[in-house]
Amino acid sequence: MWYSPYVVHDMDGDGKAEVAVKGGEGDPRDADGKVTSGPEYLLILDGATGKERTRVDWPTRDGFEGESAYNYFSRNQLSVAYLDGKTPCLVALRGTYNIMKAVAYQMVDGKLEVLWKWDNVGLSSAHQGQGAHGTHAVDLDGDGRDEIVLGSMVLDDDGSVLWTNGKGHPDHAFVGDLDPTRPGLEIYYGYERRQERDGMCMADARTGEILWGIDEPTRHVHSIGMCADIDARHPGAECYSADTDAEKQALWARLHTAKGELLSDEMPWGF
């Protein structure tokens, strides 16, 4: 998904799905197999035939520098969001660990038109490297329009920053009505970045306020974690994450209720 993300959705309202995909031209690979140059596009393909309908440039590699640039600029994602509450829009995303870019498009008369562009260049450290391994397009503030959950930072429907908690890159982030006893939605996080506390935590999705978190250090909460209603004795979703040792192997894990009550710390489940 990092290199050629795609989504299948009816973008023009004709009742048939298009395929939106990140693509290039020819064989742009270097001798070592990496793609570090050449054009990159957001393509719209006819869902019935595969024929290209339109294309625009993908967010550029500009600004990614140094030995890790390839790793960083290769992190691409694509999401469908209803930014006005009624029209499907595409949000093309590049970057997770430092520079982050987002461009929102709407399909009009068979063409992709830019609605807004955003990047974190020049913003504070709390806006740098806040990306996750997936994108959630969800109405977090109840205004009928989708926000874009990038990870530890959320973009409002107009492309402005709704909030950031500055805690860095989460390895997993679950969004939903995880705690049905309180109004609104929540986000459960497991943080890859080392944390003194709250490396596993629940946040208010509207504001980013941390509702509860573990009061102990974490090294690198890893992999996908899980949120699911697996215990009927407690309302809402139970939340699971595992931390790592120095060799990046599973070391210890926690299972909490949606309220943050510890259910178990004796699970040999790993990641």
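Look a little higher up for the structure.
Report follows, based on the coordinates. Because the structure is predicted, anything quoted here is derived from the model rather than measured.

## Some remarks on empty space enclosed by the protein
Over the atoms, a rolling probe the size of a water molecule traces out where space has been left empty. Inspection of the entire model under this criterion finds one cavity of 30 Å³ or more. The calculated volume of the largest cavity comes to roughly 80 Å³. Lining the largest cavity we find Arg75, Gln77, Leu93, Arg94, Gly95, Thr96, Met100, Lys101, Gly131, Gly134, Thr135 and Leu150. If you list the elements that add at least two residues to the lining of the largest cavity, you get strand E6 (88–94) and strand E9 (131–138).

## Brief notes about the environment of Val175
The topology assignment puts Val175 in strand E13 (residues 170–176). For Val175 and Ala205, which are 30 residues apart along the polypeptide, the C-alpha to C-alpha distance reads 7.6 Å.

## Quick word on the nonpolar core
If you look at the biggest cluster of nonpolar residues, it comprises 15 residues, and the most contacted ones within it are Ala20, Leu42, Leu78, Leu90 and Leu112. For this core, the secondary structure elements donating two or more residues are strand E3 (41–46), strand E5 (76–82), E6 and strand E7 (101–108). The leading source of residues in this core is E7, at three residues. Excluding its chain neighbours within four sequence positions, the residues that come into contact with Leu42 are Ala20, Val21, Thr54, Arg55, Val56, Asp57, Trp58, Leu78, Leu90, Tyr105 and Leu112. Judged by nonpolar contacts, the second largest core, of 14 residues, contains Val91, Ile148, Leu150 and Leu155.

## Focus: the sheet that holds strand E18 (residues 238–244)
Spatially, four strands are ordered E17-E18-E19-E20 in an open sheet, and the strand pairing comes out antiparallel. With partners counted over all chains shown, the strands left at the sheet margins are strand E17 (226–228) and strand E20 (262–264), one partner each. Averaged over neighbouring strand pairs, the angle between their axes works out to 30° when direction is ignored. Inspection of the sheet shows E18 paired to strand E19 (residues 250–256) by six bridges, in the antiparallel sense. Pairing of Cys239 across the sheet is with His256, part of E19.

## Notes on the packing of aromatic side chains
Per the counting criterion, the structure on display carries five aromatic pairs. Here Phe64 and Phe73 contribute two aromatic rings whose centre-to-centre distance is 6.3 Å and whose plane-to-plane angle is 75°, an arrangement assigned as edge-to-face. Pair check on accessibility: Phe64 and Phe73 agree, each one buried. Aromatic pair Tyr188 and Trp212: ring centres 6.2 Å apart, planes at 35°, arrangement tilted. Of the two residues, Tyr188 is situated in strand E14 (residues 186–191) and Trp212 in strand E16 (residues 210–213); the sequence distance between them amounts to 24 residues. Note on accessibility: Tyr188 and Trp212 belong to one class, buried. Three or more aromatic residues joined by ring pairs form one cluster here, namely Phe64, Tyr70 and Phe73. Across the ring face of Tyr41, the terminal group of Arg55 is positioned such that the distance to the ring centre comes to 4.3 Å.

## Focus: the environment of Leu93
Mapped onto the fold, Leu93 is located in strand E6. Taking the C-alpha atoms as reference points, Leu93 and Pro59, separated by 34 residues in sequence, lie 7.1 Å from one another. In this view, Leu93 contacts Trp58, Arg75, Asn76, Gln77, Lys101, Ala102, Thr135 and Leu150; residues no more than four positions away in its chain are not counted.

## Regarding the sheet that holds E3
Pairing is antiparallel in the open sheet, where four strands are placed in the order E1-E2-E3-E4. Two strands in the sheet have a free side with no partner beyond their single neighbour: strand E1 (6–9) and strand E4 (52–57). Each adjacent strand pair in this sheet contributes to an overall mean axis angle of 20°, direction not counted.

## Points about the side chain of Ser79
Relative to the elements of secondary structure, Ser79 occurs in strand E5. The class for Ser79 is buried, based on a relative accessible area of 6%. In contact with Ser79, not counting residues within four places along its chain, are Cys89, Leu90, Val91, Thr135 and Ala137.

## A few points about the pattern of salt bridges
A full pass over the atoms with the stated rule returns 17 salt bridges. Note that Arg61 is salt-bridged to Glu40, the shortest N-O span being 3.5 Å. Remark: Glu40 occurs in the loop between strand E2 (18–23) and E3 and Arg61 occurs in the loop between E4 and helix H1 (69–73); sequence separation between them is 21 residues. Taking the relative accessible area as the measure of exposure, Arg61 reaches 16% and is therefore buried. For Glu40, a relative accessible area of 12% puts it in the buried group. Here Arg145 and Asp157 are joined by a salt bridge, their closest N and O atoms 3.2 Å apart.

What counts, and where the lines are drawn
Residues numbered from 1 in each chain as written. Predicted model: local features only at pLDDT ≥ 70, side-chain atom pairs only at ≥ 80, totals over all residues. Heavy atoms only, no water. 1 Å grid on protein atoms, 1.4 Å probe; cavity = no way out; pocket = protein on both sides within 12 Å on 5 of 7 lines; lining within 4 Å. Points joined across faces, edges and corners; volume = space filled by probe spheres on them. Helix = DSSP H or I, 4+ residues; strand = E, 2+ residues; numbered from the N terminus. Core = buried A, V, L, I, M, F, W, Y, C linked by side-chain atoms within 4.5 Å. Buried < 20%, exposed > 50% of the residue type's maximum accessible area, 1.4 Å probe, protein only. Contact = heavy atoms within 4.5 Å. Pairing = 2+ DSSP bridges. Axes fitted to C-alpha atoms, helices over the stretch in contact; angles between N-to-C directions. Phe/Tyr/Trp six-rings, centres within 6.5 Å; stacked < 30°, edge-to-face > 60°. Lys NZ or Arg CZ within 6 Å of the ring centre and 35° of its normal. Salt bridge = Lys/Arg side-chain N within 4 Å of Asp/Glu carboxyl O.

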